[in-house]
Amino acid sequence: MSGAGAPDFFCREAQRLGYVARSAFKLLQMQKQYKLIKLGSSILDLGCAPGAWLQVACQSLGPLKTGGVVVGIDLKQQGFSVILSDMCPLVSGISIKDAALSAELGMGALDLAIGSGALSDIDTNDVNREGQSDGSASGSNDGGVLRPGGHLVIKLLESEDLKEFSRICKLLFRKASWLRPKATRSSSREIYLICQGLLPLVRTKSTP
């Protein structure tokens, strides 16, 4: 809907094409630009209701014979090729509060993806990009459910804190890009961080 008025273009297109929500076009644009979902991918969709991203993700997997799986709000410890977080807090209208809650949800998605210890390692400068440390590579992500080389999409609300969020993700992924999909309402402050290629963690050896 465009405000409280009649359905806008994306709402009408969603109805015409059989998508349950206009948000389908956000992921369709991401997929077109970044090719995140490939044939046979395993995908975890966080905050998946009402299911438009699940529809697009399933379509992007290709024919059934190519395999692949899409799971909505399933936090089991397993490896995923792509994690999609379209989570957003209930908006209160207080910009600072809403942005803080959004960042908290985003950090939760990032923590789920990379593992509980990785963020604290970054804070203490114990983790670096692959090949930029003389320490030993762990070869795992300490319980994170995103596979090395995997992709992560996080929805956030625009705020000053996004610079720090981006800095952290650029240490963990080969590439981190901001995207405001065309299907986003003009009045919305939402923006997506597209993180591509999770790097294996490399920790420096502690000095005895």
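In this text the structure is predicted, and so the values were computed from the model without any measurement.

**Observations regarding the overall build of the protein**
Reasoning step 1: Of regular secondary structure, the protein possesses 6 helices and 9 strands.
Reasoning step 2: Out of the 208 residues in the protein, the part that is buried amounts to 48%.
Reasoning step 3: Taking the intrachain contacts of the protein between residues at least 6 apart in sequence as the baseline, contacts between residues at least 24 apart amount to 74%.
Reasoning step 4: By element, 56% of the accessible surface of the protein is carried by carbon and sulfur atoms, the whole surface being about 10,700 Å².

**Things to note about the environment of leucine 46**
Reasoning step 1: Its location among the elements puts leucine 46 in strand S1 (residues 42-46).
Reasoning step 2: In this structure, the C-alpha to C-alpha distance between leucine 46 and alanine 109, residues 63 residues apart in sequence, is 7.9 Å.

**Here we look at the packing of helix H2 (residues 24-34) against helix H3 (residues 52-60)**
Reasoning step 1: Direction vectors running N to C along H2 and H3 enclose 35°, while the axes themselves pass 8 Å from each other. At the point where H2 passes H3, the crossing takes the right-handed sense. Contacts between H2 and H3 pair Ala24, Lys26, Leu27, Leu28, Met30 and Gln31 from the former with Ala52, Trp53, Val56, Ala57 and Ser60 from the latter.
Reasoning step 2: Broken down by class, the residue content of the contact of H2 with H3 amounts to 8 nonpolar, 2 polar and 1 charged.

**Observations regarding the pairing of strand S2 (residues 69-72)**
Reasoning step 1: Summarising the sheet, S1 and S2 pair through 4 bridges and their orientation is parallel. Looking at S2, one finds that isoleucine 43 is bridged to valine 70.
Reasoning step 2: Taken together, S1, H3 and S2 form a β-α-β motif whose crossover is right-handed.

What counts, and at which threshold
Residues numbered from 1 in each chain as written. Predicted model: local features only at pLDDT ≥ 70, side-chain atom pairs only at ≥ 80, totals over all residues. Heavy atoms only, no water. Helix = DSSP H or I, 4+ residues; strand = E, 2+ residues; numbered from the N terminus. Buried < 20%, exposed > 50% of the residue type's maximum accessible area, 1.4 Å probe, protein only. Contact = heavy atoms within 4.5 Å. Areas by Shrake-Rupley, 256 points an atom, 1.4 Å probe, with all protein chains shown as cover. Axes fitted to C-alpha atoms, helices over the stretch in contact; angles between N-to-C directions. Left-handed = near helix turned anticlockwise from the far one by under 90°. Nonpolar A, V, L, I, M, F, W, Y, C, P; charged D, E, K, R; others polar. Pairing = 2+ DSSP bridges. Right-handed = clockwise from strand over helix to strand, strands pointing away.

As far as function goes, none of this settles anything; it's purely spatial.
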